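# Breakdown of the fold
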Amino acid sequence: MATTDVVIAQTTVDDEDRARELARGAVEARLAACAHIDAPLTAVYRWKGAVETATEWRISYKTTRDRLPALGAWVHQEHPYDVPEWITLPVESTSAAYGGWVAGETAGG
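Residues numbered from 1 in each chain as written. Predicted model: local features only at pLDDT ≥ 70, side-chain atom pairs only at ≥ 80, totals over all residues. Heavy atoms only, no water.

## Digging into the side chain of Lys62
- For Lys62, the position within the fold is in strand S4 (residues 50-64).
- For Lys62, which is buried and forms no salt bridge, the nearest opposite charge comes from Asp38, at a distance of 7.5 Å.
- Polar side-chain contacts of Lys62 include one of 2.8 Å to the side chain of His36.
- The contact partners of Lys62, leaving out residues within four places of it in the chain, are Val7, Ile8, Ala32, Ala33, Cys34, His36, Tyr98 and Val102. (Helix = DSSP H or I, 4+ residues; strand = E, 2+ residues; numbered from the N terminus. Buried < 20%, exposed > 50% of the residue type's maximum accessible area, 1.4 Å probe, protein only. Lys, Arg positive; Asp, Glu negative; His and termini not counted. Salt bridge = Lys/Arg side-chain N within 4 Å of Asp/Glu carboxyl O. Polar contact = N/O pair within 3.5 Å; in protein donor to acceptor, adjacent residues only side chain to side chain. Contact = heavy atoms within 4.5 Å.)

## Remarks on a nonpolar patch on the surface
- On the surface, Tyr45, Trp47 and Val83 cluster together into a nonpolar patch covering about 290 Å² of accessible area.
- If you trace the backbone, Trp47 turns up in strand S3 (residues 41-47). (Patch = residues over 30% accessible without salt bridge, like charges linked within 9 Å, V, L, I, M, F, W, Y side chains within 5 Å. Areas by Shrake-Rupley, 256 points an atom, 1.4 Å probe, with all protein chains shown as cover.)

## Observations regarding helix H2 (residues 68-78)
- Buried residues of H2: Leu68, Leu71, Gly72, Trp74 and Val75, and no others. Take H2 and look down its axis: the buried residues cluster within an arc of 165°, on one side only. Across H2 from its buried face, at more than 90 degrees, point the exposed residues Pro69 and Gln77.
- Here the buried face of H2 lies against strand S1 (6-13), helix H1 (16-28), S4 and strand S5 (87-90). (Arc of directions from axis to C-beta.)

All we've got here are geometric facts, nothing functional implied.
If you want it as structure tokens, here you go:
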């Protein structure tokens, strides 16, 4: 395993079709090498003074540190929420082949 500049960035959305659009759009724009959409989950959160419950789909993008700002800006522009979740997770290590693939797929965007 090698150190890497790969980053995982996550958001959630309350519509499966919209999750697919957000995943596909980022990959098509070379902002992410790939995106995974998790099975529906239940979110419980406070919004505007009330506790809410919603069904959401989490999108996990695999990208590089260099492409992360552009991906974040794109997601915030395309996302239907007023305040979309945006969490980034560093990847401590990955195989050289996978890290190279992520870098190659997000280059030149």
